[in-house]
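# A look at the structure
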Amino acid sequence: MASIFTRILNGEIPGHIVAEDDDFFAILDIFPLAKGHTLVVPKKEVDYIFNLDPELLGRYMVFAQVVAKAIKRVIPCKRIGVAVIGLEVPHSHIHLVPINHIGDIDFSKPKLKFEDDVFVQVRESIRGAFNEPDSDFR
């Protein structure tokens, strides 16, 4: 059975995709720790990130870096925190979380709830960041 991420990618269930290339895509987390919390996912369903082919893993990290820079351009924060937990969905994914303090990336905290129009605004803001002249999105 396809993972929830593959189902989003295939349009079977809704999701806010902020970036995509041939091998990866990035979507807003629907249970975010912060506005702009994004998941970066390989299109190939692999449960554990370190089971990815080394070359694909390298490109995955580069894609995540580009997405993190776009998020940082539009979401006020000191850093983009990175977490790979991989227990909640059997499909590798990297969490990119805008943070100002170390406690901002505590997954035991209650998740935020936003109306769909907020997700749309954040999605479009991040997408727009890729079109800025200094953008290094490929």
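The rules we used
- Residues numbered from 1 in each chain as written.
- Predicted model: local features only at pLDDT ≥ 70, side-chain atom pairs only at ≥ 80, totals over all residues.
- Heavy atoms only, no water.
- Helix = DSSP H or I, 4+ residues; strand = E, 2+ residues; numbered from the N terminus.
- Contact = heavy atoms within 4.5 Å.
- Core = buried A, V, L, I, M, F, W, Y, C linked by side-chain atoms within 4.5 Å.
- Buried < 20%, exposed > 50% of the residue type's maximum accessible area, 1.4 Å probe, protein only.
- Salt bridge = Lys/Arg side-chain N within 4 Å of Asp/Glu carboxyl O.

Locating Ile99 in the fold gives a position in strand β5 (residues 94–99). Once the C-alpha coordinates of Ile99 and Val122 are considered, the two residues, 23 residues apart in sequence, prove to be 16 Å apart. Those residues in contact with Ile99 that sit more than four places away from it in its chain are Cys77, Lys78, Arg79, Gly81, Asp104 and Ile105.

Now for the nonpolar core. Counting 29 residues, the largest nonpolar core has Val40, Tyr60, Val67, Leu96 and Ile126 as its most contacted members. The leading source of residues in this core is helix α2 (residues 54–74), at 10 residues. What Val67 contacts, discounting residues up to four positions off in sequence, is Ala19, Ala26, Thr38, Val40, Leu96 and Phe130. Phe5, Ile17, Ile27 and Leu39 belong to the second-largest nonpolar core, a separate cluster that totals eight residues.

Our focus in this paragraph is the pattern of salt bridges. According to the stated counting rule, one finds six salt bridges in the structure shown. In this structure, the salt-bridge partner of Glu12 is Arg7, at a minimum N-O distance of 3.3 Å. Between Arg59 and Asp23 there is a salt bridge, and its shortest N-O distance comes to 2.4 Å. Taken together, the residues span a long stretch of sequence, with Arg59 in helix α2 and Asp23 in the loop between β1 (17–20) and β2 (24–28) at a distance of 36 residues. For Asp23, a relative accessible area of 27% gives the class partly exposed. Among the ionic contacts, a cluster of salt bridges with common partners joins Asp23, Glu55 and Arg59.

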